[in-house]
Amino acid sequence: PPPGWRGLQTTGNVNLLALLIAFPDYPPSNTQGFIHSSLFGGGDPASYPYESLSAYYLRSSYSQLSISGDTLGWYTTAYPRSDVPQTSAGREDLIKEVLSYYDSIGYDFTPYDNDGDGDIDYLIIIWTGPDNGWANFWWGYYTSFSDDSYTVDGKTIDRISWQWESNPDGGIFNPRVVIHETGHALG
């Protein structure tokens, strides 16, 4: 990375968190376990070189970056997806709703501050339902989390990856989008 890089560390061991968000009108088509394996496990060997997020970056870093993590179970909102305002605030309010739920049941978010600077370095968000076209709200992208007043376990959120469960909707989860977005997090 360039000098003075602020982002996900590019070497060593990195611990990430994935949130799975479903809506009553768009139930998930993949299990939490399957998505977890596609992110932090062995994934599908037949999908090489995109079998899993962790396998891809371990290999492409020549074993210098080891990505592990946790995938929380599907959180289903009490409202349809169309109720989510398609704005930065709408996206962040949805993420805060999910994080606050897990915080209320005692989930510990401190292990995801890999560099000890007080924020969760990179959060993977996977949602159900169709995309709404390239570069629109319901599309895959890497972005910052702007509400630095929101904390869980004393940690703010730095950057997020925001992407669909499957494209087309209702299909099998494929880690290619999160691999791409994680590349942005790595610089």
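Here we summarise the structure given alongside this text. (Residues numbered from 1 in each chain as written. Predicted model: local features only at pLDDT ≥ 70, side-chain atom pairs only at ≥ 80, totals over all residues. Heavy atoms only, no water.)

### As for the overall build of the chain
Working step 1: In terms of helices and strands, the chain carries 4 helices and 5 strands.
Working step 2: Along the chain direction, N to C, the helices and strands of the chain fall in the order β-α-α-β-α-β-β-β-α.
Working step 3: Over its C-alpha atoms the chain spans a radius of gyration of 16 Å, differing by no more than 12% from the 16 Å that the globule rule assigns to 187 residues.
Working step 4: For the chain, the spread of C-alpha atoms along the principal axes amounts to about 45 × 40 × 30 Å.
Working step 5: Counting over 187 residues, the chain shows a buried share of 46%.
Working step 6: Here the contacts in the chain between residues at least 6 apart in sequence split such that 75% fall between residues at least 24 apart. (Helix = DSSP H or I, 4+ residues; strand = E, 2+ residues; numbered from the N terminus. Rg over C-alpha atoms; globule rule 2.2 N^0.38 Å. Buried < 20%, exposed > 50% of the residue type's maximum accessible area, 1.4 Å probe, protein only. Contact = heavy atoms within 4.5 Å.)

### Some points on the sheet that holds strand β1 (residues 12–22)
Two orientations exist for strands paired in a sheet by backbone hydrogen bonds: parallel and antiparallel.
Working step 1: On the basis of which strands lie adjacent, the open sheet formed by 5 strands has the order β2-β1-β3-β5-β4 and mixed pairing. The open sheet terminates on both sides in strands that have one partner only, identified here as β2 (65–76) and β4 (141–144). Across the sheet, the axes of successive neighbouring strands diverge by a mean angle of 25°, strand direction being ignored.
Working step 2: In the sheet, β1 pairs with strand β3 (residues 119–127) via 5 bridges, with the strands oriented parallel. (Pairing = 2+ DSSP bridges. Axes fitted to C-alpha atoms, helices over the stretch in contact; angles between N-to-C directions.)

### Quick look at helix α2 (residues 53–60)
Working step 1: Those residues of α2 that sit buried are L53, S54, A55 and Y57.
Working step 2: Buried residues along α2 sit in contact with β1, α1 (32–40), β2, β3 and α4 (176–185).

### A closer look at the packing of aromatic side chains
Working step 1: What the rule picks out here adds up to 17 aromatic pairs.
Working step 2: Aromatic pair Y56 and Y57: ring centres 5.0 Å apart, planes at 80°, arrangement edge-to-face.
Working step 3: Under the relative-accessibility criterion, Y57 is labelled buried at 10%.
Working step 4: Ring geometry for W139 against W164: centres 4.8 Å apart, planes inclined by 70°, an arrangement best described as edge-to-face. On the criterion of sequence distance, the pair formed by W139 in the loop between β3 and β4 and W164 in strand β5 (residues 156–164) is long-range, its members being 25 residues apart.
Working step 5: Given the relative accessible area of 11%, W164 is considered buried.
Working step 6: A connected cluster of aromatic rings, assembled from ring pairs, spans F23, W127, F137, W138, W139, Y141, W162 and W164.
Working step 7: Sitting above the plane of the Y26 ring, R81 keeps its charged end 5.1 Å from the centroid.
Working step 8: We note R81 situated over the ring of W138; from NZ or CZ to the ring centre the distance is 4.0 Å. (Phe/Tyr/Trp six-rings, centres within 6.5 Å; stacked < 30°, edge-to-face > 60°. Lys NZ or Arg CZ within 6 Å of the ring centre and 35° of its normal.)

### As for the pattern of salt bridges
Working step 1: Within the structure shown, the criterion is met by 5 salt bridges.
Working step 2: Of the charged contacts in the structure, one is a salt bridge between R59 and E51, with a shortest N-O distance of 2.9 Å.
Working step 3: Here R59 falls in the partly exposed class, since its relative accessible area comes to 32%.
Working step 4: The class of E51 is buried, set by a relative accessible area of 10%.
Working step 5: The shortest N-O distance in the salt bridge between D93 and K96 comes to 3.4 Å. Residue D93 and its partner K96 are located together in helix α3 (residues 88–104), separated by 3 residues, close to a single helical turn.
Working step 6: A residue is classified by how much of its surface remains accessible, and D93, at 45% relative accessible area, is partly exposed.
Working step 7: On the basis of relative accessibility, which here comes to 15%, the residue K96 falls in the buried class. (Salt bridge = Lys/Arg side-chain N within 4 Å of Asp/Glu carboxyl O.)

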